[in-house]
Amino acid sequence: MIKDQTILLIHGAGSLGKEWRNFKTAFEKLGNKVVVPTLRLHELGQAKDSELGKVSILDYVADMEAIIRSLDQEPIIIGHSMGGLIALILCSRGFGKLGVFITPAAPRGINAITFSVLRIFFRNLFRWQFWSKPIPPNFSG
């Protein structure tokens, strides 16, 4: 059982930190401190496409490194999707005592376009040059 630990939960692209609320509650009931940030420019209506498109994965990693440095204890890092990739990068840099990567996004250079991925992102495929523009978070997504 995990107890008396600091746990950092990192959400995915187009998501919010508050979506971890059930995990946060469960970990806190076990006696852990849980940190659940919302990634830069991920609040609904907070960013325009042009602003979000200037933020790289390494910018998010730097934001999480700053949070980790401010903690009293080295955290267990748990990330989902893009948050999983961020967690993976953080752990590869020596941050965190343990990393859990839940369906992490593929790093650059890995072909992650499969039928199931295409089905999930079908709506965005018909945006002109979808591969070169950020897809801002929205309520239905």
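Anything mentioned here points back to the structure above.
What counts and how
- Residues numbered from 1 in each chain as written.
- Predicted model: local features only at pLDDT ≥ 70, side-chain atom pairs only at ≥ 80, totals over all residues.
- Heavy atoms only, no water.
- Core = buried A, V, L, I, M, F, W, Y, C linked by side-chain atoms within 4.5 Å.
- Buried < 20%, exposed > 50% of the residue type's maximum accessible area, 1.4 Å probe, protein only.
- Helix = DSSP H or I, 4+ residues; strand = E, 2+ residues; numbered from the N terminus.
- Contact = heavy atoms within 4.5 Å.

## Looking at the nonpolar core
Inference 1: Ranked by size, the top nonpolar core spans 20 residues in total, and within it Ile10, Leu39, Tyr60, Ile77, Ile86 and Leu90 carry the most contacts.
Inference 2: Broken down by secondary-structure element, the contributors of at least two residues to this core are strand S1 (6–10), helix H3 (57–70) and helix H4 (82–92).
Inference 3: Looking at this core, the element that brings in the most residues is H4, giving six residues.
Inference 4: Each residue touching Ile86, except ones within four places of it in the same chain, is listed here: Ile10, Leu39, Ile57, Tyr60, Val61 and Met64.

## Remarks on unusual backbone geometry
Trans peptide bonds make up the majority, and among non-glycine residues the majority have a negative phi.
Inference 1: A positive phi angle, near 60 degrees, is found at Asp4, a position not held by glycine.
Inference 2: For Asp4, the position within the fold is in the segment before S1.
Inference 3: On the basis of relative accessibility, which here comes to 53%, the residue Asp4 falls in the exposed class.
Inference 4: The phi dihedral of Ser81 is positive, around 55 degrees, even though this residue is not glycine.
Inference 5: Assignment of secondary structure puts Ser81 in the loop between strand S3 (76–80) and H4.

## Notes on the environment of Glu51
Inference 1: Note on placement: Glu51 falls in helix H2 (residues 49–52).
Inference 2: Residue Glu51 is classed as partly exposed on the basis of its relative accessible area of 37%.
Inference 3: Each C-alpha atom, one on Glu51 and one on Leu41, is 8.0 Å from the other, the two residues being ten residues apart in sequence.

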